[in-house]
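Chain and residue survey
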Amino acid sequence: MTFLKIIFWLSLFTILYTYLLYGILLWLYLKVFKRPIQEQYDDDFIPSVSILVACYNEEQFIQAKIENLLAIEYPKDKLEIAFVTDGSNDNTVSLINEAIDNGKGIKLFHEPERKGKQHAVNRVIKELIGDIIIFNDCNTWINLDAVHHMVRHFSDPKVGVVSGEKKIKVLKKDIAVSSGEGLYWKYESWLKSLDSDFHSTIGSAGELYAIRKELYKAVPQNISIEDFYLSMQIASDGFINIYEPNAFAEEESSLNLSEELKRKRRIAVGAYNTIISLHNVFKLSNHKLLFLYISHRLMRWLLAPFCLILLFISSMILEGPVFNTMFWLQVIFYIASILGWITSGIRSRLAIFYAPFYFCFMNYALLVGLYDFISGNNQVVWKKVQRRS
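The text that follows walks through the structure, step by step, so that each part is easy to find. (Residues numbered from 1 in each chain as written. Predicted model: local features only at pLDDT ≥ 70, side-chain atom pairs only at ≥ 80, totals over all residues. Heavy atoms only, no water.)

Tracing the chain through its elements places T14 in helix 1 (residues 2–33). A polar contact is formed between the side chain of T14 and the backbone oxygen of L10, at a distance of 2.8 Å. Each residue touching T14, except ones within four places of it in the same chain, is listed here: M299, L303 and C307. (Helix = DSSP H or I, 4+ residues; strand = E, 2+ residues; numbered from the N terminus. Polar contact = N/O pair within 3.5 Å; in protein donor to acceptor, adjacent residues only side chain to side chain. Contact = heavy atoms within 4.5 Å.)

As structure tokens, this is what we get:
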């Protein structure tokens, strides 16, 4: 029983630290020692900027995306807008060409064969003219002053990456998948701001982030979450990743739970693959970055899903008021999660069940993604996830 108690307490600590204590400790540290001034930016800094949007069969969103980017509030002689559409076989390419013919001032890079996003981006990055490269997803809308808010940080030579905020558009009486994902990204944004204030944001959301072009390194073909890989590689080289909440990309949630699970599994596989590839992070000279990486990512990806299972089993077997209380609290939590799953396709106001449901859903996706990774189901070229519209 002693061994089982050790399992119980280690599992409980891991879960609480990963999802609660880590953020609280960082917040308290910053309150006590004040917010460190990591960089001094210049609002008048106006470098040349290239916005790159990688697309595959995005005819549903491409016209709105073009109009969104053309409306960006930044000097036009300093701004380049480019699309790479390798492998697209719907109307995406023709719609972009139509905009080019109408003098919209955008660029198109296209090859008929689809070899994956990394191949496409690696191929065109050297063709872009901007000193700063902003990566943006086609199915998102970014605020019109986002570029200004992001690039001002690069006036500090220590800054190598600037991460924008991801927002999920949650409609009134929306379903669990969008409400749950929206709550998750609000929590994740809070953690990103703490990471940034402490030292450096851990990873970037691919929907909107910027880097110095000179720091770009070709992303290996086996990496499927290139945003995280690239931003962490730059951070491990000694540069800072700043979180900028005033630059945001807003998108619809996945169409349904099946589509969201497909996306989460793909991200999980990419996460495990990236962990193996990010050797430079594990250096004592990067002790702050290493602390954030372990606390914010590794414990969540590698330990927390298994600790949830171990905590439930150990608390069910062990006797005593503490263990019994923890067991029944978990039972209540998982019942709430099941209710969230049952009502997931209903446009209701039962938001109280969405958080526990999405929490369990994420950890289930991590476990399934780990199985996919171990079994070799690691697809760099994947099927598009359907979005609500």
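On we go from here.
The next thing to look at is the sheet that holds strand 3 (residues 107–109). Within the open sheet, the eight strands sit side by side as 3-2-1-4-7-6-8-5. Their pairing is mixed. Since the sheet does not close on itself, it has two edges, and those belong to strand 3 and strand 5 (141–142), each with one partner. In terms of strand pairing, strand 1 (residues 49–54) meets strand 4 (residues 132–136) through four bridges, oriented parallel. Directly across from I51, in strand 4, lies its bridge partner I134. (Pairing = 2+ DSSP bridges.)

Another aspect to go through is the packing of aromatic side chains. Taken as a whole, this structure holds 23 aromatic pairs when the rule is applied. Ring centres of Y358 and F361 lie 5.9 Å apart, and the angle between their planes is 35°; on these two criteria the pair is classed as tilted. Placement of the pair is Y358 and F361 together in helix 11 (residues 354–374), with a separation of three residues, close to one helical turn. Using a relative accessible area of 1% as the deciding quantity, one classes Y358 as buried. A relative accessible area of 9% means that F361 is categorised as buried. (Phe/Tyr/Trp six-rings, centres within 6.5 Å; stacked < 30°, edge-to-face > 60°. Buried < 20%, exposed > 50% of the residue type's maximum accessible area, 1.4 Å probe, protein only.)

Turning our eyes to something else, we now look at the environment of L311. Relative to the helices and strands, L311 is located in helix 9 (residues 287–317). For the pair L311 and F327, spaced 16 residues apart in sequence, the C-alpha to C-alpha distance is 8.4 Å.

So, about the packing of helix 7 (residues 226–236) against helix 9. Relative to each other, helix 7 and helix 9 sit at 155°, their axes nearing to 12 Å. Judged on the interaxial angle alone, helix 9 and helix 7 are roughly antiparallel. Note on packing geometry: the crossing formed by helix 7 with helix 9 is left-handed. Touching F228, M232, A235 and S236 of helix 7 are L289, Y293, R297 and W301, all from helix 9. Here the residues of the contact of helix 7 with helix 9 are counted per class, giving six nonpolar, one polar and one charged. (Axes fitted to C-alpha atoms, helices over the stretch in contact; angles between N-to-C directions. Parallel < 35°, antiparallel > 145°, perpendicular 65-115°, else oblique. Left-handed = near helix turned anticlockwise from the far one by under 90°. Nonpolar A, V, L, I, M, F, W, Y, C, P; charged D, E, K, R; others polar.)

Let's shift gears to the packing of helix 2 (residues 62–70) against helix 3 (residues 92–101). Viewed as axis vectors pointing N to C, helix 2 and helix 3 meet at an angle of 35°, and their least axial separation amounts to 10 Å. In this structure, the crossing between helix 2 and helix 3 has a hand that is right-handed. Across the interface between the two elements, I62, Q63 and I66 of helix 2 pack against T92, L95, I96 and A99 of helix 3. Classifying every residue of the contact of helix 2 with helix 3 by side-chain character gives five nonpolar, two polar and no charged.

This part covers the pairing of strand 4. Residues in a regular strand project their side chains so that they alternate between the two faces of the sheet. Where burial is concerned, most of strand 4 is hidden: five out of the five residues are buried. Residues I132, I134 and N136 line one face of strand 4 and the alternating positions I133 and F135 line the opposite face, and both faces are buried. Two elements, strand 4 and strand 7 (residues 208–212), share five bridges in a ladder whose sense is antiparallel. Pairing of F135 across the sheet is with Y209, part of strand 7.

Bringing the nonpolar core into the picture now. Judged by nonpolar contacts, the single largest core of 48 residues is most densely connected at L52, F135, I211 and Y293. Top element by residues in this core is helix 9. It accounts for seven residues. Setting aside residues up to four positions removed in sequence, F135 forms contacts with L52, V121, I125, G206, E207, L208, Y209, I211, Y216 and L230. Formed by 34 residues, the second largest nonpolar core is a distinct cluster that contains V49, V159, I240 and I242. (Core = buried A, V, L, I, M, F, W, Y, C linked by side-chain atoms within 4.5 Å.)

Of all six residues in strand 2 (residues 79–84), six are buried, a share of seventy percent or more. Residues L79, I81 and F83 point to one face of strand 2 and E80, A82 and V84 to the other, with burial holding for every one of them. Note that strand 1 and strand 2 share six bridges and pair parallel. Residue pairing across strands places S50 opposite E80, the latter belonging to strand 2. The parallel pair strand 1 and strand 2, bridged by helix 2, forms a crossover whose chirality is right-handed. One ladder, built from three bridges, connects strand 2 with strand 3; its direction is parallel. Residue pairing in the sheet places F83 in a bridge with L108 of strand 3. (Right-handed = clockwise from strand over helix to strand, strands pointing away.)

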